[in-house]
Each structure stands twice: as C-alpha cells, then as structure tokens.
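# Results of the structural survey
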Amino acid sequence: KEKKEKKEKKEKKEEKEDKKEKKEKKEKKDAGFALWDSTEAETPSFNQYSAVKAPQDKRDKEIAKEKETKKDQETKGLIKANDAVLELMKKKNEAKKEELRK
C-alpha cells in the first residue's frame, strides 16, 4: 500500500511539473513581440461589408438645419453672418448714394 501511495504521489508531482513546464513554454512563446497580433479583430467578422446601408440623403439634414436656424433666429434673435454682411453693405451703399445726391 505504501509503495502504491508513493507511486501515486510521484505521478501527481510529475503531472504538476509537466503542467508547469507547459505553462512556461506558453509564456516563452508569448513573451516575444508579435507583429500582427495588434491587427487581429477581437470579434472576427466573416465580411465587414455585408451590411451595406443605403446612401444618406444630405438634403434632409440641410433642411432640418435650416428649420433649426430659423427657429433660433425667431427665439434668440440670432443673425447669420452672411445676412449681417449684406446689411452692412446695404448701409454703406445707401450712405454712398446719399453723399452723391448732395
């Protein structure tokens, strides 16, 4: 019985040592610099272009922006830069015309 127990203990120790050696080998393999590891996708996709969406119509977005700016102009009194420049130009032109009339 004692001999069997000793053999079993030796076998268990050997198995543990084998497992440790395998782990060490894996660690040694992983210890080096792997160039292409960083390029792997974490979740592999069979085709990244399989779900192609319909092209977006930008006119809808522009119309929504215009509505929002009009709303802002009414509530906040904001003026577009282009409108402000046009007003200044009109005032300058009117001032020039009045000077010419005099």
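Structure shown above.
In this text the structure is predicted, and so the values were computed from the model without any measurement.

Let us now look at the overall build of the protein. Each helix and strand counted, the protein has three helices and zero strands in total. Secondary structure elements of the protein, listed N to C terminal, follow the sequence α-α-α. Counting the 102 residues in the protein, one finds 0% classified as buried. Summing over all exposed atoms, the protein offers an accessible surface of approximately 11,700 Å²; the carbon and sulfur share of this is 52%.

The next subject is the environment of Thr69. Along the polypeptide, Thr69 turns up in helix H2 (residues 58-76). Taking the C-alpha atoms as reference points, Thr69 and Lys80, separated by eleven residues in sequence, lie 8.7 Å from one another. Within the structure, Thr69 has its side chain in polar contact with the backbone oxygen of Glu66 (distance 2.7 Å).

What follows covers helix H3 (residues 81-101). For H3, which comprises 21 residues, the first-to-last C-alpha distance of 30 Å matches the rise-based estimate of 30 Å (1.5 Å per residue) to within 8%. Taken across its 21 residues, H3 has zero buried, putting it largely on the surface.

Glancing now at a negative patch on the surface. A surface patch of negative charge is lined by Glu2, Glu5, Glu8, Glu11, Glu14, Glu15, Glu17, Asp18 and Glu21. Note that Glu11 resides in helix H1 (residues 2-31). A relative accessible area of 47% means that Glu11 is categorised as partly exposed.

Scoring rules and cut-offs
Residues numbered from 1 in each chain as written. Predicted model: local features only at pLDDT ≥ 70, side-chain atom pairs only at ≥ 80, totals over all residues. Heavy atoms only, no water. Helix = DSSP H or I, 4+ residues; strand = E, 2+ residues; numbered from the N terminus. Buried < 20%, exposed > 50% of the residue type's maximum accessible area, 1.4 Å probe, protein only. Areas by Shrake-Rupley, 256 points an atom, 1.4 Å probe, with all protein chains shown as cover. Polar contact = N/O pair within 3.5 Å; in protein donor to acceptor, adjacent residues only side chain to side chain. Expected span 1.5 Å × (residues − 1). Patch = residues over 30% accessible without salt bridge, like charges linked within 9 Å, V, L, I, M, F, W, Y side chains within 5 Å. Salt bridge = Lys/Arg side-chain N within 4 Å of Asp/Glu carboxyl O. Lys, Arg positive; Asp, Glu negative; His and termini not counted. Charge placed at Lys NZ, Arg CZ, Asp CG, Glu CD.

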